[in-house]
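Structural overview for review
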Amino acid sequence: ARGALCRKDIPIGKRNSVAESVLVSNAVAKRQSEFVAGRMCIHHLLEQFGVTDQFIDRGTKGEPLLPHGFKGSISHDANRAVAVLTDQSSVDWI
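Residues numbered from 1 in each chain as written. Predicted model: local features only at pLDDT ≥ 70, side-chain atom pairs only at ≥ 80, totals over all residues. Heavy atoms only, no water.

**A few points about the overall build of the chain**
The helix and strand tally for the chain stands at one helix and five strands. In sequence order, the chain lays out its α and β elements as β-α-β-β-β-β. By residue count, 36% of the 94 residues in the chain fall in the buried class. (Helix = DSSP H or I, 4+ residues; strand = E, 2+ residues; numbered from the N terminus. Buried < 20%, exposed > 50% of the residue type's maximum accessible area, 1.4 Å probe, protein only.)

So, in structure tokens, the structure goes:
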């Protein structure tokens, strides 16, 4: 299975560095930074699969709504965000 992993430190002061930052514009600064770091990771991974300029919306449970054919996950703690992504349809979950 093809997959990729990304880890980024939480960007302080870069809360508007991805288009999806509008999804958390009403959140506190810490949450905005965590969200942006996760989205930066997922964008980095999507670029490795040749997908660029893709707006990653969020579902009703806050999950990233990835492009068709991709499965992935984003997580974070107070200092860094991580994301994992695969394009394998045979993978049931990550």
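**Section: the nonpolar core**
Membership of the largest hydrophobic core is limited to 12 residues, which are Cys6, Cys41, Ile42, Leu45, Leu46, Phe49, Val51, Ile56, Leu66, Phe70, Ala83 and Leu85. Contributions of two or more residues to this core are made by α1 (29-48) and β5 (80-86). (Core = buried A, V, L, I, M, F, W, Y, C linked by side-chain atoms within 4.5 Å.)

**Topic: the pattern of salt bridges**
Applying the stated criterion across every chain, the model contains one salt bridge. Among the ionic pairs, Glu34 bridges to Lys30, the shortest N-O distance being 2.3 Å. Residue Glu34 and its partner Lys30 are both found in helix α1; the two are separated by four residues, about one turn of the helix. On the basis of relative accessible area, Glu34 is assigned to the buried category, the value being 7%. (Salt bridge = Lys/Arg side-chain N within 4 Å of Asp/Glu carboxyl O.)

**What about the confidence of the model for the chain?**
Scored by pLDDT, the chain comes out at a mean of 83, with 83% of its residues at no less than 70. Considering each helix and strand of the chain separately, the mean pLDDT is smallest for strand β1 (residues 3-9), with a value of 71, and largest for strand β3 (residues 64-65), with 93. (pLDDT = per-residue confidence, 0-100.)

**Some words on the side chain of Glu20**
Note that Glu20 resides in the loop between β1 and α1. Of the side chains with opposite charge, Arg39 lies nearest to the buried Glu20, which makes no salt bridge, at 4.8 Å. Within the structure, Glu20 has its side chain in polar contact with the backbone nitrogen of Ile56 (distance 2.7 Å). (Lys, Arg positive; Asp, Glu negative; His and termini not counted. Polar contact = N/O pair within 3.5 Å; in protein donor to acceptor, adjacent residues only side chain to side chain.)

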